[in-house]
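This is what each chain is made of:
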Amino acid sequence: MSQRRKLGNVYAIPLPNGEYAYGREYKECLAISKFRSKEIISNPDFSEIDFFVAVYYDVLTCGDWPKVCNYPFKDDEDIWGPPTYIRDPIKPDNYEIYYKGEIRKATKQKCIGLERCAVWDSNHVIDRLMGNDIWTDICKE
């Protein structure tokens, strides 16, 4: 069943162990809560965020991750996730930071601790939620 996207929507993510994780839609990404439940609940806790991740459009519209509620944002600043980094595959010493739709030059030092800019499919998100960090790429020293 197809569903519409809207900033603030919260989606239940079914996990292979029978639990549910929850993602809240931000502009260009999802905030994945640390909260898990054994059944879908209508008001999951987002006080602690596990990670932010950009996902393909169809991941949220196809209905595999059902919308459970909407937590509106306070203002236009709140709708953005954290910055991510880009590393040039041809010149690996060249780094950039992507934030709020803009790319700016950066040093590796400024990128440390940021996640690589990428768009994930649902199975990659589920892998990460289940502890498989093969898809995770955080800039390290």
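In case you missed it, the structure is sitting above this.
Residues numbered from 1 in each chain as written. Predicted model: local features only at pLDDT ≥ 70, side-chain atom pairs only at ≥ 80, totals over all residues. Heavy atoms only, no water.

Draft legend 1. Local environment of the overall build of the protein. Along the protein, the regular secondary structure elements total 3 helices and 9 strands. Walking the protein from its N terminus toward its C terminus, one meets helices and strands in the order β-β-β-β-α-β-β-β-β-α-β-α. Along the first, second and third principal axes, the C-alpha set of the protein runs to 45 × 35 × 25 Å. Buried residues in the protein amount to 36% of all 141 residues. Across the protein, every contact between residues at least 6 apart in sequence was considered, and the portion connecting residues at least 24 apart equals 51%. Accessible surface for the protein amounts to roughly 8700 Å². Of this, 49% is attributable to carbon and sulfur atoms. For the protein, the separation between the mean place of its 20 positive charges and that of its 23 negative charges on side chains is 3 Å. (Helix = DSSP H or I, 4+ residues; strand = E, 2+ residues; numbered from the N terminus. Buried < 20%, exposed > 50% of the residue type's maximum accessible area, 1.4 Å probe, protein only. Contact = heavy atoms within 4.5 Å. Areas by Shrake-Rupley, 256 points an atom, 1.4 Å probe, with all protein chains shown as cover. Lys, Arg positive; Asp, Glu negative; His and termini not counted. Charge placed at Lys NZ, Arg CZ, Asp CG, Glu CD.)

Draft legend 2. Geometry of the nonpolar core. Residues Ile-13, Leu-30, Ile-32, Val-53, Trp-65, Val-125 and Leu-129 are the most contacted members of the largest nonpolar core, which totals 16 residues. The contacts of Ile-13, once residues within four sequence positions are left out, are Glu-19, Tyr-20, Ala-21, Tyr-22, Gly-23, Ile-32, Trp-65, Ile-126 and Leu-129. (Core = buried A, V, L, I, M, F, W, Y, C linked by side-chain atoms within 4.5 Å.)

Draft legend 3. View of the sheet that holds strand E7 (residues 95-99). Judged by pairing direction, the sheet is antiparallel, and its 3 strands sit side by side in the order E6-E7-E8 without closing on themselves. Unpaired on one side and paired on the other, strand E6 (84-87) and strand E8 (102-106) mark the two borders of the sheet. Going across the sheet, the axis of each strand differs from the next one's by a mean of 30°, ignoring polarity. In this sheet, E7 lies alongside E6 in antiparallel orientation, the contact comprising 4 bridges. Bridging from a neighbouring strand, Ile-86 pairs with Glu-96 of E7. (Pairing = 2+ DSSP bridges. Axes fitted to C-alpha atoms, helices over the stretch in contact; angles between N-to-C directions.)

Draft legend 4. Examining the environment of Tyr-71 more closely. As for its position among the elements, Tyr-71 is in the loop between strand E5 (67-70) and E6. Residue Tyr-71 is classed as partly exposed on the basis of its relative accessible area, which comes to 24%. The spacing of Tyr-71 and Phe-51 is 20 residues in sequence and 18 Å in space, taken between C-alpha atoms. Tyr-71 has contacts with Gly-8, Val-10, Arg-24, Asn-43, Pro-44 and Phe-46, leaving out every residue within four places of it along the chain. At 2.8 Å, the side chain of Tyr-71 and the backbone oxygen of Pro-44 are in polar contact. (Polar contact = N/O pair within 3.5 Å; in protein donor to acceptor, adjacent residues only side chain to side chain.)

Draft legend 5. Seen up close, the pattern of salt bridges. Per the stated rule, a full pass over the model turns up 5 salt bridges. Measuring nitrogen to oxygen at the nearest pair gives 3.5 Å for the salt bridge that ties Glu-19 to Lys-38. Of this pair, Glu-19 sits in the loop between strand E1 (9-14) and strand E2 (20-26) while Lys-38 sits in the loop between strand E3 (29-33) and strand E4 (49-55); the two residues are 19 residues apart in sequence, bridging distant segments of the chain. A relative accessible area of 66% means that Lys-38 is categorised as exposed. In this structure, the salt-bridge partner of Arg-128 is Glu-115, at a minimum N-O distance of 2.9 Å. Of the two residues, Arg-128 sits in helix H3 (residues 122-129) while Glu-115 sits in the loop between helix H2 (108-111) and strand E9 (119-120), which places them 13 residues apart along the sequence. (Salt bridge = Lys/Arg side-chain N within 4 Å of Asp/Glu carboxyl O.)

Draft legend 6. Broad picture of the environment of Lys-67. Along the chain, Lys-67 falls in strand E5. Note on Lys-67: relative accessible area 43%, which makes it partly exposed. Separated by 28 residues in the primary sequence, Lys-67 and Tyr-95 place their C-alpha atoms 36 Å from one another.

Read these as layout, nothing more, since geometry by itself doesn't imply function.
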